[in-house]
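Take a look at the letters that make up each chain.
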Amino acid sequence: KKDKNGGDTYYLYNHLRFVVYYHDDNAASFSPGDSPNSKHNVLITGFDVVPVSIEHDITSCDMNYHPIANKKEDYLSTSSANALDVVYSYEVQWVPSTVEWADRWDIYMMETPDNEIHYFAIVNSLMIAFLLTGVVAVIMLRALKKDIAEYNHLGDLSILPGEDGHAQMMMEESGWKLVHGDVFRPPVRGRTLLSVSVGTGLQIGVSIFLTLIAAALRLLNPMRKGQTLSYVVILYVLSGSVAGYASARLYKFFCGKAWKRTTLLTAAAFPGVLLTMFVALNVFLHVALGKASAAVSFWTVLLMFLLWVCVSAPLVFVGAFFGYKADKIEVPTKTTQIARFVPETNSWFVKFPHCALLAGLLPFASVCIELSFIMNALWINQIYYIMGFVTVVYFVFTLSCSTMSMVMCYCQLCNEDHKWWWKSFFNGASTGFYLFIYSLWYLKAKLELVGLLSLVVYISYMGLICFAFALYCGGVGLASSFWFCRKIYAAVKVD
């Protein structure tokens, strides 16, 4: 406050009023100033802390109930030139409440001041994602319908009898139909790594999806973040057969021979990376601090190892067994013996890494606003509770990621680039790169971490999250691009 001379006047909060709300069946027998009866228990369902500035002495503090409020004439000013004696005091006020024990968190989950912003951010993310998906779908359908009609028309009229009795070509093929003999050619390098990455990514996606469904059905308590993490780990372990089946089907289509190595890597690669990171981080924290609260206990690491060896790995083997026993994925075209040369192109957006960076930007932009609330829940101890909406956002983000991967794959095929396998994976996985960049910005702008240990813990955990996120998006990108290629090449007549 400004004083008469234009200077600042400061007031000191020296009194705290604790308002404790309790629920009891006999609450009507209590007066607002009384404490709960000691003969039976009551349930505390909330509390408020009200700071008060008051100029008083020790004699004004007595046992009589008189709630102290902020009054302008009683403020404790610090502008006195003499030494200031401050009396710090507090009072406790017991207030009966009709809020039951099960509903005690509703005040934080339903009446927070940023609810409107939160809902607006979710609706905004949904609108952006649906708009992107709709625009891309319209462009793809119109372009593909025109191309397929032209190719089928040329397929009927391309060979006509000439005047000398010999056949003559009316028009040559061009665009994506020209690479029909190479589009399903397996990648030359990295078949095992690609199969393992796609299978692991789909396993991560299934576990996250099941966790969100459980949270939306209120099987999970959003107040217990450790419970949510436990569900993710358990559901990831139980989804091992998904990784084994997807990896085996894709590797069998690639005509790979090292199926044992591929299956073992599917079972051990990603869990091994997680376990190695946890052990290394624990050793680092124990060496630096002796014992840190952020460190994971030895028994927890041992339990994760047993879940991996005794549950996850056998399920991966079971899924891989059925994947290799299944028939090979059929494609509408035959692959030629000699690979076609990929011509140089002037289109910068189909070259790597430009195509990957462009494809990952739009899906990330559709969820970046909602991501800020999730990051606040992870690192600033805020509460994220709208699980139904985030489940819808998860579906829309997956749809956006798959649609952008199909668009970039179509652009690459139009430029006669049939080496789309790894590019389609990185087209989706680049979203994890944007998430890591966002986490670095969040570290600088929102968090005030002090010391090297805090930075190491944050970057390690966010690195693991971004890596898992990239695997999921990459698996979605490759699976959707593979489905897209099978559909468009099955719709045209190929000689």
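Note that the structure is predicted; figures quoted are calculated from it, not measured. Numbering of residues starts from 1 in every chain and runs along the sequence as written. Under the rules for a predicted model, residues below a pLDDT of 70 receive no local features and side-chain atom pairs below 80 are neither given nor counted, while totals for whole chains, interfaces and linings still include all residues. Hydrogen atoms and water are omitted, and side-chain values are computed over all heavy atoms in the structure.

Trainee: Please give an account of the pattern of salt bridges that cites residues and values.
Mentor: Put simply, a salt bridge is a Lys or Arg side-chain nitrogen that is within 4 Å of an Asp or Glu carboxyl oxygen. Taken as a whole and judged by the stated rule, the model has 1 salt bridge. The partner of Asp417 in a salt bridge is Lys423, and the shortest N-O contact between them spans 2.5 Å. Exposure categories follow from relative accessible area, calculated using a 1.4 Å probe and restricted to protein chains: below 20% of the type maximum is buried, above 50% is exposed, and the middle band is partly exposed. Accessibility expressed as a relative area gives 17% for Lys423, which makes it buried.

Trainee: Help me get a handle on the nonpolar core, residues and values and all.
Mentor: Each nonpolar core is a collection of buried residues, namely Ala, Val, Leu, Ile, Met, Phe, Trp, Tyr and Cys, held together in the definition by side-chain atoms within 4.5 Å. The biggest cluster of nonpolar side chains holds 53 residues, and the ones touching the most others in it are Leu413, Trp420, Trp421, Cys485 and Tyr489. At the level of secondary structure, the elements contributing two or more residues to this core comprise helix H2 (115–157), helix H3 (191–216), helix H5 (240–253), helix H6 (259–289), helix H8 (354–379), helix H9 (387–414), helix H10 (421–445) and helix H11 (452–490). Numbering of helices and strands runs from the N terminus, with a helix taken as a DSSP run of H or I at least four residues long and a strand as a DSSP run of E at least two residues long. At 13 residues, the largest contribution of residues to this core is made by H11. If you look at the next biggest cluster of nonpolar residues, it comprises 12 residues, including Leu435, Tyr438, Leu443 and Leu447.

Trainee: Can you explain the packing of H3 against H5? Please cite residues and give values.
Mentor: Helix-helix packing is characterised by the crossing angle of the two axes and by the distance between the axes. To obtain an axis, a line is fitted to C-alpha atoms, over the contacting stretch when the element is a helix, and the angle between two such axes runs from 0 to 180 degrees between their N-to-C directions. Direction vectors running N to C along H3 and H5 enclose 150°, while the axes themselves pass 8 Å from each other. Crossing handedness for the pair H3 and H5: right-handed. Here Arg191, Thr192, Leu194, Ser195, Val196, Val198, Gly199, Thr200, Leu202, Gln203 and Val206 of H3 lie close against H5, whose contacting residues are Gly240, Val242, Ala243, Ala246, Ser247, Leu250 and Tyr251. Its residues placed into classes, the contact of H3 with H5 shows 10 nonpolar, 7 polar and 1 charged. When the near helix sits turned anticlockwise from the far one by under a right angle, the crossing is termed left-handed; a clockwise turn instead gives a right-handed crossing. Throughout, a contact is declared for two residues whenever any of their heavy atoms are within 4.5 Å. Ten residues, namely Ala, Val, Leu, Ile, Met, Phe, Trp, Tyr, Cys and Pro, are considered nonpolar, four, namely Asp, Glu, Lys and Arg, are considered charged, and the remaining ones, Gly among them, are considered polar.

Trainee: Tell me about H10, residues and numbers included.
Mentor: In a regular helix each residue adds 1.5 Å, so 25 residues correspond to 36 Å; H10 covers 37 Å between its end C-alpha atoms and thus fits that length. Fitting axes to the seven residues ending at a residue and to the seven starting there, one defines the bend at that residue as the angle between these axes. By the largest-angle criterion, Gly428 marks the main kink of H10, which is about 35°. By this rule the span expected of a helix is its residue count minus one, scaled by 1.5 Å.

Trainee: Describe in detail the side chain of Ser480, supporting the description with residues and values.
Mentor: Along the chain, Ser480 turns up in helix H11. Residue class for Ser480 comes out buried when judged on its relative accessible area of 10%. Ignoring anything within four residues of it in the chain, the contact list for Ser480 reads Ser402, Ser405 and Met406.

Trainee: Describe the packing of aromatic side chains, and please don't skip the residues or the numbers.
Mentor: Only rings of Phe, Tyr and Trp enter the pairing, Trp through its six-membered ring, and a pair is recorded when the two centres are within 6.5 Å. The plane angle decides the type: under 30 degrees is stacked, over 60 is edge-to-face, the rest tilted. Evaluated as defined, the whole model comprises 32 aromatic pairs. Aromatic side chains Trp259 and Tyr324 sit 5.8 Å apart centroid to centroid with 65° between the ring planes, which places their arrangement in the edge-to-face category. Taken together, the residues Trp259 in helix H6 and Tyr324 in helix H7 (residues 298–325) connect sequence positions 65 residues apart. For the ring pair Tyr438 and Trp441, a centre distance of 5.5 Å and an interplane angle of 40° mean the geometry is tilted. Of this pair, Tyr438 and Trp441 are both found in helix H10, 3 residues apart, which corresponds to roughly one turn of the helix. For Tyr438, a relative accessible area of 13% translates into the label buried. Pairwise contacts between aromatic rings join Phe184, Phe253, Phe254, Trp420, Trp421 and Phe482 into one cluster. Distance and angle both matter: a charge sits over a ring if NZ of Lys or CZ of Arg is within 6 Å of the ring centre and within 35 degrees of the ring normal. The side chain of Arg486 reaches across the aromatic face of Phe482, ending 6.0 Å from its centre.

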